[in-house]
Structures are given as structure tokens and as C-alpha cells.
Amino acid sequence: MAVSAFDVQRIRTDFPILNREVRPGILLAYLDSTATAQKPAVVVEAMDAFYQKYNANIHRGIHTLAEEATTAYEDARQKVAAFINAANAAEVIFTRNTTESINLVAYTWARQNLNSGDLVLLTEMEHHSNLIPWQILAAERDVRLEFVPVTEDGLLDLGVYRQLLGLSPKLVSFTQMSNVLGTVTPAVEIIRLAHDAGAVTLVDGAQSVPHLPVDVQALDVDFLAFSAHKMCGPTGIGALYGKRRLLESMPPFMGGGDMIKTVHLRSFVPNAIPHKFEAGTPAIAQAVGFGAAVDYLARIGMQTIKEHEHAITTYALERLEEIPGVRVIGPSCDLKGGVAAFTLDEIHPHDVAQILDTYGVAVRAGHHCAQPLHEKFGITATSRASFYLYNTTEEVDRMIDAVYKVKEMFA
Ligand code: PLP
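Just so you know, these numbers come straight off a predicted model, no measurement behind them.

A. Quick peek at the overall build of the chain. Looking only at helices and strands, the chain has 15 helices and 17 strands in total. Radius of gyration (C-alpha) of the chain: 22 Å, near the 22 Å computed for a compact globule of 411 residues. By principal-axis analysis of the C-alpha atoms, the chain measures approximately 70 × 55 × 35 Å. Taken across its 411 residues, the chain has 56% of its residues classed as buried. The long-range fraction of contacts in the chain, counting pairs at least 24 apart against all pairs at least 6 apart in sequence, stands at 71%. In the form shown here, the chain has an accessible surface area of approximately 16700 Å², with 53% of it arising from carbon and sulfur atoms. Of the side chains in the chain, 34 bear a positive and 47 a negative charge, and the two mean positions are spaced by 5 Å.

And the structure:
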């Protein structure tokens with residue numbers, strides 16, 4: 001069944017891994033892109049070409065290979081900046097992943113600007129990556145943390161949010177798309193209200209940037225964190241977008257080569273942004289792969305990808321809800337991206353995921369690094385299917401058939 005105008009079968013040919021048999025005769029149905037996305041051949045080839053043809057360290061070399069590698073690395077930054085519509089490529093810092101991007105803000109901007117009694121406002125639907133850095137800061141600096149509650153139907157309670165803004169938080173840090181509920185939060189409104197209250201904003205874009213059109217200038221967000229590996233790129237690289245004014249005012253995160261202008265035995269002058277935040281040899285091949293990934297996604301179009309995922313998710317939710325004993329957490333499909341986290345009777349999600357795997361269906365089970373959110377829903381774990389541009393309704397059908405098999409086995 002065709003779910004949208006774009007040719008998903010054609011897209012699938014870009015991803016060799018999707019032809020993989022998990023065991024003899026059992027084709028992979030990969031429904032775990034929220035954890036990490038599969039990589040199109042163009043990304044792997046771009047990284048391969050780097051290593052085979054122009055591998056060299058960047059910025060310091062005069063020779064041809066060093067110049068080619070530097071150009072490729074900085075081109076990748078330009079591509080990532082254009083992908084999120086940053087005003088300037090210098091506003092994109094390459095990090096290891098979303099987690100490191102958030103920690104970079106916590107260890108630089110926050111430690112420079114937050115002191116005892118200051119408030120950081122988070123939400124109850126945050127991934128641990130957007131909780132722990134603030135908990136560590138709170139313990140160290142006596143900074144207070146408050147949380148925008150999540151409603152029964154998996155949305156942020158904006159009424160309470162407005163009230164909490166009355167406490168004058170210094171920072172509002174929240175996810176643009178929950179990795180469990182799939183909820184797409186009203187980021188434009190949240191950011192506008194935060195700015196009106198005088199707060200700086202950080203968006204965890206780990207799930208939004210891979211799946212939705214994200215425009216940092218339209219959002220007017222101060223910081224945006226995301227990971228390449230969730231958007232068809234390699235592991236080992238992510239990005240932090242920050243407004244130039246903020247990045248320039250922040251101290252370096254780590255010290256070492258490349259992040260300096262001049263060094264003396266007892267002092268140094270930091271480099272300009274973005275290099276100030278990129279100490280040591282960076283993930284060069286991965287940056288090249290990241291650039292190829294955003295080229296690939298941009299060619300297809302983020303709106304097209306979003307629509308395809310919406311169609312698949314709508315279908316998956318309809319089919320899951322047909323099954324007696326299934327409880328899907330999160331809002332209706334019009335308010336969420338391609339995530340379906342569910343419980344099934346009293347069966348442990350790990351058992352569900354393990355049995356689904358015997359049918360080649362890869363889903364994730366556990367708390368998905370959002371333990372407080374699961375607690376909020378009175379559960380310890382869910383099974384989570386998640387969808388991307390290469391998924392099909394046939395794969396959803398295979399998951400549904402396998403869930404029925406799980407029920408039979410536990411009946
Ligand atoms: N935030 C959200 C919403 C996520 O889904 C994830 C990963 O699943 C992260 C942050 C952390 O991403 P990474 O492990 O790439 O740093």
C-alpha cells in the first residue's frame with residue numbers, strides 16, 4: 001500500500017542494510033530509527049572516499065591532502081548550517097552527539113551565567129541527556145530545577161509552563177520531539193514565552209532535526225543540539241547550534257590544540273568560534289559523512305520525509321490500537337512524529353522485543369533514557385517502534401503480526 005507520493009521502494013534501495021536477512025529467510029524490518037538511523041550508501045561512500053583519497057589532519061597542514069580534508073570538513077559545517085538555516089556556519093560547533101552539545105552549554109554558558117538560586121526550567125518528557133547535565137549543575141551550584149508537567153495525553157502543560165515562567169528562569173531547555181511519546185512540542189511558542197520572561201533557550205533537537213524541517217532563525221532558539229547518527233549520518237559526530245553573540249561570550253569547553261589563537265606557558269588566547277569549542281583532532285571523516293547525510297535528506301526534502309512518516313505512524317497507531325491489551329502512550333498522530341511506544345498486557349517489553357526480533361522486527365524495549373517520563377505514566381518500560389523515510393506499511397504489518405504471536409505465546 002502506497003502511503004505517500006514519494007517512492008519508498010526507491011528510497012530503500014539507497015540503504016543496503018535493509019536487504020539484510022536477520023536469520024536465514026527472515027528479512028530485517030528496522031523499526032528503531034529513534035535510537036539510530038540507517039545510513040544510505042552515499043554517506044558510507046563519502047566517508048570511504050575520505051579515507052581512501054584525502055585522509056589528513058585539518059587546519060594545520062599546507063599540503064594538498066590537508067587542504068582537501070580541511071575544505072571537506074568546513075564544507076560539511078556549511079551544509080549542516082544551511083540544513084537548519086543558521087545565519088552563519090560559525091554558529092555550528094561539531095561535537096560528538098546531542099549529549100555532548102547539551103553538556104557543552106551546561107559546562108560553559110551555564111557555569112558562566114548561573115549561580116545559587118537561579119532556575120533552570122526543563123520538562124518531564126526529557127531524555128536523560130537533557131536532565132543529568134542540569135542535575136549535576138544543580139548539585140554543584142545550588143541551581144534550582146523545575147519541570148513543565150506532561151499531561152495524560154502526552155502533551156506539555158502550557159498553563160503550568162506560563163506559571164513557571166513567573167519564577168524568572170535563566171534557562172528553558174526542552175525537547176522539540178519526545179523520543180518516547182513522539183510529541184512534537186510547540187517550540188516557537190515555548191521559545192517566545194521564554195524570551196519574554198528573559199530566559200535563554202536550548203532545544204534538544206535529537207529527534208526533531210532528523211524528522212522535521214527545523215529552522216533556527218524561525219524558531220529564534222538560542223541553542224539547538226542534535227546528532228548525525230539519528231539523521232542518516234555516522235556515529236561520533238553531532239552539532240551544537242548557538243547564536244553567535246552567545247557563543248562568542250562563552251568560555252571554551254575543553255582545552256587543547258586548534259581551540260587556541262596563541263599559547264604561552266602560563267596563558268592562552270582562545271580561537272574564534274566555531275574553533276574555540278573544537279579542541280583536538282575532530283571527527284573529520286564523520287563530518288564528511290554528516291555533510292553527505294544532510295545533502296541526502298535535503299535532496300528528498302524534510303517536508304516530504306515528515307509526511308511519509310506521518311502516514312506510516314497513522315497506520316501503525318491504527319493497527320496497534322486494534323490489538324486488545326495494547327496501550328500506546330503519547331498524543332494522537334497529528335501531534336506527534338514517527339514514534340509508537342506501547343505496553344502489551346502484563347508482558348514485559350523486553351520479552352515483546354525479543355520475540356519480535358525472531359520475526360526480524362527490530363524495536364527497542366526499556367525506558368529509552370526517559371525513566372522519569374515512564375514513572376509519570378506508571379510504567380517501568382515500553383516497547384517502542386519508530387519510523388523513518390525508509391519504512392513501509394508492510395513492515396508495520398509484520399510488526400503487528402508478530403505482536404499477535406507474542407499474545408498467543410503468553411495467552
Ligand atoms: N535527546 C533525545 C530526545 C534523544 O532521543 C536522544 C537519543 O536517543 C538524545 C537526546 C541523546 O542523543 P545522543 O545519544 O546521540 O547524544
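B. Layout of the site of the ligand. Neighbouring residues of the ligand: 14 residues in total, closest T99, D204, Q207, S227 and K230. Take D204: an N or O atom from its side chain is 2.5 Å from a nitrogen atom of the ligand. Here an oxygen atom of the ligand and a side-chain polar atom of H229 are 2.8 Å apart. For the ligand, whose accessible area on its own is 390 Å², the fraction buried by protein is 88%.

C. Examining the side chain of H229 more closely. Inspection of the secondary structure assignment puts H229 in the loop between β9 (223-227) and β10 (238-242). With a relative accessible area of 14%, H229 lands in the buried category. At 2.7 Å, the side chain of H229 and the side chain of T36 are in polar contact. For H229, the contacting residues outside a window of four places in its chain are A35, T36, A37, K39, P234, T235 and I237.

D. Spotlight on the sheet that holds β10. Taken in spatial order, the seven strands of this open sheet run β4-β10-β9-β8-β7-β5-β6, and their pairing is mixed. With one partner strand each, in any of the chains shown, β4 (92-95) and β6 (144-148) form the two edges of the open sheet. The average undirected angle you get between the axes of adjacent strands in this sheet is 20°. Where strand β8 (residues 200-204) and β9 come together, three bridges link them in parallel fashion. Directly across from L202, in β9, lies its bridge partner F223. The strands touched by helix α5 (residues 132-141) are β5 (119-123), β6, β7 (171-175) and β8; relative to β6, the strand with the most contacts, the crossing angle is about 145°. Its contacts with the sheet put helix α7 (residues 187-196) on β7 and β8, and the angle it makes with β7 is roughly 170°.

E. Examining the packing of helix α12 (residues 302-321) against helix α15 (residues 393-410) more closely. The contact between α12 and α15 brings their axes to 10 Å, and the two run at 20°. Relative to α15, α12 is oriented roughly parallel. The element α12 and its partner α15 pack so that their crossing is right-handed. Contacts between α12 and α15 involve I312, Y315, A316, R319 and L320 on the former and, on the latter, T393, V396, D397, M399 and I400. Tallied by class, residues from the contact of α12 with α15 come to seven nonpolar, one polar and two charged.

F. Structural view of helix α11 (residues 284-300). Here α11 is 17 residues long and its end C-alpha atoms lie 25 Å apart, about the 24 Å a rise of 1.5 Å per residue gives. For α11, a buried count of 13 out of 17 residues is recorded, marking the element as mostly surrounded by other parts of the structure. Looking one or two residues past α11, G301 carries a phi angle of roughly 105°, positive in sign.

G. Focus on the packing of aromatic side chains. Taken as a whole and judged by the stated rule, the model has 10 aromatic pairs. Measuring from ring centre to ring centre gives 5.6 Å for Y388 and Y390, while their planes differ by 70°; the resulting arrangement is edge-to-face. Classification of Y388 by relative accessible area gives buried; the value is 0%. Clustering of aromatic rings is evident, with ring pairs tying together F15, Y296, Y388 and Y390. A cation over an aromatic ring shows up here: R111 above the ring of Y107, its NZ or CZ 4.0 Å from the ring centre.

H. Representation of the pairing of β4. Across the two faces of β4 the burial is the same, with V92 and F94 and I93 and T95 all buried. Judged from the four bridges that link them, β4 and β10 form a sheet pairing that is antiparallel. Bridge pairing links I93 to L240 in β10.

I. Representation of the sheet that holds strand β13 (residues 326-329). One open sheet holds the four strands; their spatial order is β13-β14-β17-β16, and the pairing between them is antiparallel. Edge strands, defined here as strands with exactly one partner in the open sheet, are β13 and β16 (364-366). Within the sheet, the average angular offset between the axes of one strand and its neighbour, ignoring direction, is 30°. Sheet topology note: the β13/strand β14 (residues 339-344) ladder contains four bridges and is antiparallel.

The rules behind the values
- Residues numbered from 1 in each chain as written.
- Predicted model: local features only at pLDDT ≥ 70, side-chain atom pairs only at ≥ 80, totals over all residues.
- Heavy atoms only, no water.
- Helix = DSSP H or I, 4+ residues; strand = E, 2+ residues; numbered from the N terminus.
- Rg over C-alpha atoms; globule rule 2.2 N^0.38 Å.
- Buried < 20%, exposed > 50% of the residue type's maximum accessible area, 1.4 Å probe, protein only.
- Contact = heavy atoms within 4.5 Å.
- Areas by Shrake-Rupley, 256 points an atom, 1.4 Å probe, with all protein chains shown as cover.
- Lys, Arg positive; Asp, Glu negative; His and termini not counted.
- Charge placed at Lys NZ, Arg CZ, Asp CG, Glu CD.
- Near = heavy atom within 4 Å.
- Polar contact = N/O pair within 3.5 Å; in protein donor to acceptor, adjacent residues only side chain to side chain.
- Pairing = 2+ DSSP bridges.
- Axes fitted to C-alpha atoms, helices over the stretch in contact; angles between N-to-C directions.
- Parallel < 35°, antiparallel > 145°, perpendicular 65-115°, else oblique.
- Left-handed = near helix turned anticlockwise from the far one by under 90°.
- Nonpolar A, V, L, I, M, F, W, Y, C, P; charged D, E, K, R; others polar.
- Expected span 1.5 Å × (residues − 1).
- Phe/Tyr/Trp six-rings, centres within 6.5 Å; stacked < 30°, edge-to-face > 60°.
- Lys NZ or Arg CZ within 6 Å of the ring centre and 35° of its normal.

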